[in-house]
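# Coordinate analysis (summary)
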Amino acid sequence: EEKSASLRRLQDELARRDRESAERERREESMRESRERAPRDAVIPNEYLCPITMTLMRDPVLAMDGHSYERDAIMHWLRRSDKSPKTNCSLQSKIVVPNHALKSMIIEWKEANPGVE
C-alpha cells in the first residue's frame, strides 16, 4: 500500500510537470506567433525607406539634393550619374554625409518593431 501511494504521488507529480510543460510550450508558441506577425503588421514609415532601393535604411546618408539614401545605393548611383535619383537635377557635389538623426530614429523604430528588416 505504501508503494502504491508513492507510485500515485510520482504519477501525479509527472502529470503536473507534463501539464506545466505543455502550458509553457503553448505560451512560447503564442509569443513566437506574435513576433512573427509583428513584422507583417508593422508599416515601415516612408522616410525610413531608401528612395533608390525602397528598403529600410541601415546606413542613411544625406546627399547634396537634401534627400537621404542608403549609403551603398547612392554611392553606386553616383558612380554612374551626376544627377539626383530623386529629383533628376544636377548635383553640385557627390559628397554624402551621415544622417545620424535619421539613423537613430530608424534604430528606435526597429527596437519597437523587432524582426523587421
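Look up: the structure comes first, before these words.
Each value, and the rule that gives it
Residues numbered from 1 in each chain as written. Predicted model: local features only at pLDDT ≥ 70, side-chain atom pairs only at ≥ 80, totals over all residues. Heavy atoms only, no water. Helix = DSSP H or I, 4+ residues; strand = E, 2+ residues; numbered from the N terminus. Buried < 20%, exposed > 50% of the residue type's maximum accessible area, 1.4 Å probe, protein only. Contact = heavy atoms within 4.5 Å. Areas by Shrake-Rupley, 256 points an atom, 1.4 Å probe, with all protein chains shown as cover. 1 Å grid on protein atoms, 1.4 Å probe; cavity = no way out; pocket = protein on both sides within 12 Å on 5 of 7 lines; lining within 4 Å. Points joined across faces, edges and corners; volume = space filled by probe spheres on them. Nonpolar A, V, L, I, M, F, W, Y, C, P; charged D, E, K, R; others polar. Patch = residues over 30% accessible without salt bridge, like charges linked within 9 Å, V, L, I, M, F, W, Y side chains within 5 Å. Salt bridge = Lys/Arg side-chain N within 4 Å of Asp/Glu carboxyl O. Polar contact = N/O pair within 3.5 Å; in protein donor to acceptor, adjacent residues only side chain to side chain. Pairing = 2+ DSSP bridges. Axes fitted to C-alpha atoms, helices over the stretch in contact; angles between N-to-C directions.

### What about the overall build of the chain?
Within the chain one finds three helices and three strands. Element order for the chain, N to C, with α for helix and β for strand: α-β-β-α-β-α. Every one of the 117 residues in the chain was classed for burial, and the buried ones make up 22%. The long-range fraction of contacts in the chain, counting pairs at least 24 apart against all pairs at least 6 apart in sequence, stands at 44%. By element, 51% of the accessible surface of the chain is carried by carbon and sulfur atoms, the whole surface being about 8,900 Å².

### Points about the layout of surface pockets
Quantified by volume, the largest pocket comes out at close to 150 Å³. For the largest pocket, the full set of lining residues is N46, E47, L49, P51, M54, M57, G66, H67, S68 and K86. Along the lines of polarity and charge, the residues of the lining of the largest pocket split into four nonpolar, four polar and two charged.

### Regarding a nonpolar patch on the surface
On the surface, L62, M64, I95 and V97 cluster together into a nonpolar patch covering about 330 Å² of accessible area. Relative to the helices and strands, I95 is located in the loop between α2 (71-80) and β3 (97-98). The exposure class of I95 is exposed, given its relative accessible area of 52%.

### A short note on the side chain of N113
Within the fold, N113 resides in the segment after α3 (100-112). Side-chain polar atoms of N113 contact the backbone oxygen of W109, separated by 2.8 Å.

### Structural notes on the sheet that holds β3
Here three strands make up an open sheet; going across it, the order is β2-β1-β3 and the pairing antiparallel. Looking along the sheet, the strands with just one partner apiece sit at the ends: β2 (68-70) and β3. One ladder, built from two bridges, connects strand β1 (residues 60-62) with β3; its direction is antiparallel. Paired with L62 across the bridge in β3 is V97. Most of the contacts of α2 go to β2, to which it runs at about 95°, and overall it touches β1, β2 and β3.

### What to know about unusual backbone geometry
Notably, M54 is not glycine yet its phi reads approximately 60°, a positive angle. With phi around 65°, N88 is a residue other than glycine that occupies positive phi space. Assignment of secondary structure puts N88 in the loop between α2 and β3.

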